[in-house]
Amino acid sequence: EIGYQHRIFDLLDERPLNKDEVKEFCSVLLGAEYFENCPDVHTDWNGFLKFLGDLLKNQKTLHYNPLTQKLAPWIDVAQLKKSFGGGVLGLFKRKSLRTETNNNRNRAAF
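All residue numbers refer to position in the chain's written sequence, counted from 1. The model is predicted, so local features are restricted to residues of pLDDT at least 70 and side-chain atom pairs to those at 80 or more, both for listing and for counting; the totals for chains, interfaces and linings are taken over all residues. For side-chain calculations, the full set of non-hydrogen atoms in the structure is used, while hydrogens and water are omitted.

Side note on a nonpolar patch on the surface
Part 1: Residues form patches when they are more than 30% accessible in relative terms and have no salt bridge. Like charges link within 9 Å. Nonpolar side chains (Val, Leu, Ile, Met, Phe, Trp, Tyr) link within 5 Å. Exposure was quantified through the Shrake-Rupley algorithm and a 1.4 Å probe, taking into account, for residues, occlusion by the shown protein chains and nothing else. Salt bridge criterion: a side-chain nitrogen from Lys or Arg within 4 Å of a carboxyl oxygen from Asp or Glu. A surface patch of nonpolar side chains, amounting to about 350 Å² of accessible area, comprises Leu 62, Tyr 64 and Leu 71.
Part 2: Strands here are runs of E lasting at least two residues and helices are runs of H or I lasting at least four, both read from the DSSP assignment and numbered beginning at the N terminus. You can see Leu 71 is positioned in strand E2 (residues 70–72).
Part 3: Of the residues examined, Leu 71 reaches a relative accessible area of 57% and is grouped as exposed. Relative accessibility decides the category of a residue: with a 1.4 Å probe and only protein chains considered, values under 20% of the type maximum give buried, values over 50% give exposed, and everything between is partly exposed.

Here's the deal with the packing of aromatic side chains
Part 1: Two rings from Phe, Tyr or Trp (for Trp, the six-membered ring) form a pair when their centres are within 6.5 Å of each other. A pair whose planes differ by under 30 degrees is stacked, one over 60 is edge-to-face, and the rest are tilted. On inspection of all chains with the given rule, the structure shows 5 aromatic pairs.
Part 2: The interplanar angle of 45° and the centroid separation of 6.3 Å between the aromatic rings of Phe 35 and Phe 48 together place this pair among those described as tilted. Linking Phe 35 in the loop between helix H2 (19–30) and helix H3 (45–59) with Phe 48 in helix H3, this pair joins segments that are 13 residues apart in sequence.
Part 3: With a relative accessible area of 5%, Phe 35 lands in the buried category.
Part 4: On the basis of relative accessibility, which here comes to 0%, the residue Phe 48 falls in the buried class.

Let's talk about the environment of Phe 51
Part 1: By secondary structure assignment, the location of Phe 51 is in helix H3.
Part 2: The sequence separation of Phe 51 and Pro 39 amounts to 12 residues, and the corresponding C-alpha distance is 7.4 Å.
Part 3: Any two residues having at least one pair of non-hydrogen atoms within 4.5 Å are treated as being in contact. Not counting chain neighbours up to four residues away, the residues in contact with Phe 51 comprise Tyr 34, Phe 35, Cys 38 and Pro 39.

By themselves these figures say nothing about function.
Following this line, the structure appears as structure tokens:
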């Protein structure tokens, strides 16, 4: 693996990120200076998502998403909200979303 090295990128294909890692990933991707005073991911998850959504809207730069074949922000805030839905159910959703993604990759390879 040649190129930019950061442990958070190694985790992307290993397992779903936890909330701290999501914040770290966003910070690396979008710029650490934006996340110095953002809402805490553990005490104000919805505030963090709103903050992230506003930040992405202000960037006004869209990128090609090969899954949807459309231009979109780097991060899908709605998907993050789904993945981290409250309590134990959120953990099951995250696991099932990961499994579904892996199953789709396996099907696409054949």
